[in-house]
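# Topology and contacts: notes
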Amino acid sequence: RGSAAAFCAAMGEMGSRRSDLGEMFRAATLRDLRDRGHEIGLQGARKDPHAARRTPACFEAELTADIERLARLGCGRALASYRHGEGRVAAHERRTVAAVFSLGFGGRRGINRGRCDRAQLASVPLGPSPADRDRAAAVLAACLASKGWLIFTASDVSDTPSRT
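The present account deals with the structure reproduced in this document.

### Notes on helix α4 (residues 130-146)
- Its 17 residues give α4 an end-to-end C-alpha distance of 24 Å, which sits within 8% of 24 Å, the value for a rise of 1.5 Å per residue.
- Buried within α4 are the following residues: Asp 132, Ala 136 and Cys 143. The buried residues of α4 occupy one face: seen down the axis, they fall within an arc of 35°. Exposed side chains of α4 directed beyond 90 degrees from the buried face belong to Pro 130, Asp 134, Leu 144 and Ala 145.
- Its buried side turned inward, α4 meets β8 (152-153).
- Positive backbone phi, approximately 60°, marks Lys 147, located one or two places after α4.

Take a look at the structure:
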């Protein structure tokens, strides 16, 4: 629709089904988004209860495998964005993300102001309900008043989303 964004793919979910969202993205989805001018990035485990205890070697191995999968799909060039899974982000994960990507976001919500850790920027989730839109509008107003900046995130992004 005339705009471009980053689609951060959770490679472990490619081709799967989720009870809350239905069918997840496919390899063809990533190539289509890339061809339409969107950035393809990576997303960490969405709600992995063990993520905060994952060893540096395990995280690096998972990240390397995901980067290689994207490269095999033709979508791995110039990776810039990494979206952390929900919850606490370990220091070693921030260091690795900073070494590989231009920016990492998620894990914490809010407005980015002043000096920021580019490997763990705050983000604001967007949702489909009127209350979600009201919250986003309030955060946007607070951001403008504080001269900050925002990263908005959304799930189930498609031409035909499963939720309204």
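### Things to note about the sheet that holds strand β7 (residues 121-125)
- The six strands are arranged β1-β4-β5-β6-β7-β8 in an open sheet whose pairing can be described as parallel. Here the strands that pair on one side only, and so sit at the sheet edges, are β1 (6-9) and β8.
- Taken together, the two bridges between β7 and β8 define a ladder with parallel strand orientation. Counterpart to Pro 125 in the pairing with β8 is Thr 153.
- Contacting β4 (39-43) and β5 (81-83), helix α2 (residues 56-72) runs over the sheet at an angle of about 150° to β4.

### Details of the environment of Ala 27
- Inspection of the secondary structure puts Ala 27 in helix α1 (residues 27-35).
- In this view, Ala 27 contacts Met 14 and Leu 73; residues no more than four positions away in its chain are not counted.

### Considering the pattern of salt bridges
- In the structure shown here, the tally under the stated rule is four salt bridges.
- Among the ionic pairs, Arg 36 bridges to Asp 32, the shortest N-O distance being 2.9 Å.
- The class of Asp 32 is partly exposed, set by a relative accessible area of 36%.
- Put simply, Asp 35 and Arg 34 hold a salt bridge, and the shortest N to O gap is 2.8 Å.

### Topic: the pairing of β7
- Most of β7 is tucked away: four of the five residues are buried.
- Across two bridges, the pairing between strand β6 (residues 103-109) and β7 is parallel. Note on β7: the bridge partner recorded for Phe 105 is Leu 121.
- For the crossover that starts at β7, traverses α4 and ends in the parallel β8, the hand is right-handed.

### Quick notes on the environment of Ala 6
- Checked against the element boundaries, Ala 6 lands in strand β1.
- Of the residues examined, Ala 6 reaches a relative accessible area of 38% and is grouped as partly exposed.
- Along the sequence, Ala 6 and His 38 sit 32 residues apart, while their C-alpha atoms lie 5.8 Å from each other.
- If we ignore the near neighbours within four places in the chain, the residues touching Ala 6 are Glu 39 and Ser 81.

### A few points about the packing of aromatic side chains
- In total, this model carries three aromatic pairs according to the counting rule given.
- Geometrically, the ring pair formed by Phe 7 and Phe 25 is edge-to-face, given 5.6 Å between the ring centres and 80° between the ring planes. Of this pair, Phe 7 sits in strand β1 while Phe 25 sits in the loop between β3 (22-23) and α1; the two residues are 18 residues apart in sequence, bridging distant segments of the chain. Each of the two residues, Phe 7 as well as Phe 25, counts as buried.

What counts, and where the lines are drawn
Residues numbered from 1 in each chain as written. Predicted model: local features only at pLDDT ≥ 70, side-chain atom pairs only at ≥ 80, totals over all residues. Heavy atoms only, no water. Helix = DSSP H or I, 4+ residues; strand = E, 2+ residues; numbered from the N terminus. Expected span 1.5 Å × (residues − 1). Buried < 20%, exposed > 50% of the residue type's maximum accessible area, 1.4 Å probe, protein only. Arc of directions from axis to C-beta. Contact = heavy atoms within 4.5 Å. Pairing = 2+ DSSP bridges. Axes fitted to C-alpha atoms, helices over the stretch in contact; angles between N-to-C directions. Salt bridge = Lys/Arg side-chain N within 4 Å of Asp/Glu carboxyl O. Right-handed = clockwise from strand over helix to strand, strands pointing away. Phe/Tyr/Trp six-rings, centres within 6.5 Å; stacked < 30°, edge-to-face > 60°.

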